[in-house]
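These are the residues of each chain, in order.
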Amino acid sequence: MKENFEKSLEMLLHHEGGYVWHPKDPGGETNLGVTRAVYEQWVGRQVMDGEMKALTVADVAPIYKTNYWDKIKGDDPMMASGLDFAAFDWGVNSGTGRPARVIQKYIGATQDGAIGPKSLARLAENDPVKVIQYLYEQRQKFYERLPTFETFGKGWTRRNQETLKAAMEMVNE
């Protein structure tokens, strides 16, 4: 829902944290959850040394809105409150196509990884609590299959659990 972006971004940034450059993270240099590659694509140039460390929420919020929130149709009234956050958080963490396909599978829509009018119409016919729960379960299974689960799995599992809890609270607001 349109009014959920700011709150969802705040919760997402809690998960993403600040500046990191972990040698086992395939995303490489990252700040506020935005990788160097994503930021370079956004600004249309290579970033200078130190520029990633200096990113602010104001710098990254438009990236999250355009590249993730809008792609999962977070502003659409048929995207239930709570489900918008759950899909957004996983989309940022693993690409927006992944939660979109999982949602589409659950609702019996074509699994093309892009939520459009047909998916939204079917989504509106489903209980958001059940869709959120399914998204949570599939997200956890996805994480557990990753070769880096041993290194990052504890954090991913905590994030997934926290996302589920917050999403369920948003459904009931």
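The structure under discussion appears in the preceding block.
These numbers come from a predicted model, not from an experiment.

### Some words on the packing of helix H4 (residues 83–94) against helix H5 (residues 97–107)
- Running from N to C, H4 and H5 point in directions that differ by 135°, and their axes come no closer than 7 Å. If you check the angle between H4 and H5, you find them oblique. In this structure, H4 uses Leu 83, Ala 87, Trp 90, Gly 91 and Ser 94 to contact H5, whose residues at the interface are Arg 98, Pro 99, Val 102 and Ile 103.
- In the contact of H4 with H5, the residues fall into six nonpolar, two polar and one charged.

### Some thoughts on the packing of aromatic side chains
- Under the criterion given, the structure shown has eleven aromatic pairs.
- Their ring planes at 45° and their centres at 6.0 Å tell us that Phe 142 and Tyr 143 sit as a pair that is tilted.
- Look at Phe 142 and you get buried, because its relative accessible area is 11%.
- The exposure class assigned to Tyr 143 is buried, which follows from its relative accessible area of 1%.
- Pairing Tyr 143 with Trp 156 gives two aromatic rings, centres 5.1 Å apart and planes at 15°, and the pair type is stacked. Of this pair, Tyr 143 sits in helix H7 (residues 128–145) while Trp 156 sits in helix H8 (residues 149–171), and the two are 13 residues apart along the sequence.

### What to know about the packing of helix H1 (residues 5–16) against helix H3 (residues 57–69)
- Where H1 contacts H3, the two axes come as close as 11 Å, and the packing angle between them is 110°. In terms of orientation, H1 lies roughly perpendicular with respect to H3. Along the contact surface, H1 presents Phe 5, Ser 8, Leu 9, Leu 12, Leu 13 and Glu 16, while H3 presents Val 57, Ala 61, Tyr 64, Lys 65 and Trp 69.
- Considering only residue class, the contact of H1 with H3 consists of eight nonpolar, one polar and two charged.

### Some points on H7
- Under the 1.5 Å per step criterion, the end-to-end length of H7 is 26 Å for 18 residues, consistent within 8% with the ideal 26 Å.
- Within the sequence span of H7, burial applies to Val 131, Ile 132, Tyr 134, Leu 135, Tyr 136, Gln 138, Arg 139, Gln 140, Phe 142 and Tyr 143.
- Those residues of H7 that are buried lie in contact with H4, H5, helix H6 (117–123) and H8.
- The opening residue of H7 is Asp 127, an N-cap whose side-chain oxygen sits 3.0 Å from the backbone nitrogen of Val 129.

### Section: the side chain of Asp 89
- Mapping Asp 89 onto the fold places it in helix H4.
- Assessed through its relative accessible area of 0%, Asp 89 is described here as buried.
- With residues up to four places along the chain from it excluded, the contact list for Asp 89 reads Leu 12, His 15, Arg 139, Arg 159 and Thr 163.

### Looking at the nonpolar core
- Ranked by size, the top nonpolar core spans 49 residues in total, and within it Tyr 64, Leu 83, Phe 88, Ile 103, Leu 123 and Leu 135 carry the most contacts.
- Of all the secondary-structure elements, those providing two or more residues to this core are H1, helix H2 (36–43), H3, H4, H5, H6, H7 and H8.
- When near neighbours in sequence (up to four residues on either side) are disregarded, Leu 83 contacts Ile 103, Leu 123, Val 131, Ile 132 and Leu 135.

Conventions and cut-offs
- Residues numbered from 1 in each chain as written.
- Predicted model: local features only at pLDDT ≥ 70, side-chain atom pairs only at ≥ 80, totals over all residues.
- Heavy atoms only, no water.
- Axes fitted to C-alpha atoms, helices over the stretch in contact; angles between N-to-C directions.
- Helix = DSSP H or I, 4+ residues; strand = E, 2+ residues; numbered from the N terminus.
- Parallel < 35°, antiparallel > 145°, perpendicular 65-115°, else oblique.
- Contact = heavy atoms within 4.5 Å.
- Nonpolar A, V, L, I, M, F, W, Y, C, P; charged D, E, K, R; others polar.
- Phe/Tyr/Trp six-rings, centres within 6.5 Å; stacked < 30°, edge-to-face > 60°.
- Buried < 20%, exposed > 50% of the residue type's maximum accessible area, 1.4 Å probe, protein only.
- Expected span 1.5 Å × (residues − 1).
- Polar contact = N/O pair within 3.5 Å; in protein donor to acceptor, adjacent residues only side chain to side chain.
- Core = buried A, V, L, I, M, F, W, Y, C linked by side-chain atoms within 4.5 Å.

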